[in-house]
Amino acid sequence: METLHIHAEKLTPKHYIGLFIAIMTITLAFISYFKSQLSALSVGIMVILMMLMLLLMIKLMNSPTVSFTLSFMHCQYHSRYGGWTTTWHNIADIGHATLGTQGWYTSLPWIGIRLTNYDDFIGSICPRVASRILLEQRVLLAMALKSQPNSPYLLEDMLFDDSPFITTNGEQFRGLQAMLANRMRYNRIFFGFDFFIADDVIDRPVADFIGLLRRYKAAA
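Asker: An account of the pattern of salt bridges is requested, with residue identities and associated values reported.
Answerer: Opposite charge on two side chains permits pairing when their charged atoms draw close. Under the defined criterion, the tally for this structure stands at 5 salt bridges. For R132, the salt bridge is made with E136, and the minimal N-O distance between the two is 2.7 Å. One end of the pair, R132, and the other, E136, are both in helix α4 (residues 127-136), 4 residues apart, so they sit about a helical turn from each other. With a closest N to O distance of 2.7 Å, D194 and R188 form a salt bridge.

Below, the structure written as structure tokens:
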């Protein structure tokens, strides 16, 4: 299959509404404070300038950036912090993350990835991205423990487990790499996946993106 670059939508309608409200609030507060010193023309000019500022902010914040590169060989993630990459042959499963509670399953806004082995993935991942994964995906473990109150694991132990991790190939990880490997191990216990992709870094619904990844994997 041909190489595909995924451009994630950086701003959603909620972001646009939030920016508009923020700019208008600042404008109205300024006008209210100095209303006795401003003419109608000054107020009109100020409103126009604020709207131009809003449009400029939207343009700068929503400039197109590549979040994923899919090729016939690998899947690569890009961000301003760095990225990660893995070959399709090292991906064992791709699916929609779900949380089970008393036999009921709830779909989460995350795509789960299970690897065949951790060696290449953890050995090549950017440290800043590894840190972001640990921070941003910790909420999933908290949700899993909340849904399973009788679990033998403690949240603090799982979140900060940096004990040396030995892979199936005999490679030993320490420090941040060990913490990520241990987190992936806990994720697999609770969710069946090693790490996750959030729905705010993709350009289409979760189900469609999973289908896209699976097609590339099948063609590899």
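There's plenty left to go through after this.
Asker: Outline helix α7 (residues 175-191), listing residues and values.
Answerer: In a regular helix each residue adds 1.5 Å, so 17 residues correspond to 24 Å; α7 covers 24 Å between its end C-alpha atoms and thus fits that length. Taken together, the buried positions of α7 are A178, M179, L180, A181, N182, R183, M184, Y186, N187, F190 and F191. In the stretch just after α7, G192 is the one whose phi turns positive, near 85°.

Asker: Give me the lowdown on the sheet that holds strand β9 (residues 195-198), citing residues and values where you can.
Answerer: With respect to topology, 3 strands assemble into an open sheet ordered β5-β6-β9, the strand pairing being antiparallel. Of all the strands in the sheet, just β5 (91-101) and β9 have a single pairing partner and so form its edges. The average undirected angle you get between the axes of adjacent strands in this sheet is 45°. Relative to strand β6 (residues 104-115), β5 runs antiparallel, the two being bridged by 9 bridges. By the bridge assignment, G100 is partnered in β6 with Y105. Most of the contacts of helix α5 (residues 138-147) go to β5, to which it runs at about 45°, and overall it touches β5, β6 and β9. Docked against the sheet, helix α8 (residues 206-219) engages β5 and β6, running at close to 155° with respect to β5.

Rules used in this analysis
Residues numbered from 1 in each chain as written. Predicted model: local features only at pLDDT ≥ 70, side-chain atom pairs only at ≥ 80, totals over all residues. Heavy atoms only, no water. Salt bridge = Lys/Arg side-chain N within 4 Å of Asp/Glu carboxyl O. Helix = DSSP H or I, 4+ residues; strand = E, 2+ residues; numbered from the N terminus. Expected span 1.5 Å × (residues − 1). Buried < 20%, exposed > 50% of the residue type's maximum accessible area, 1.4 Å probe, protein only. Pairing = 2+ DSSP bridges. Axes fitted to C-alpha atoms, helices over the stretch in contact; angles between N-to-C directions. Contact = heavy atoms within 4.5 Å.

These figures come from the coordinates and say nothing about function on their own.
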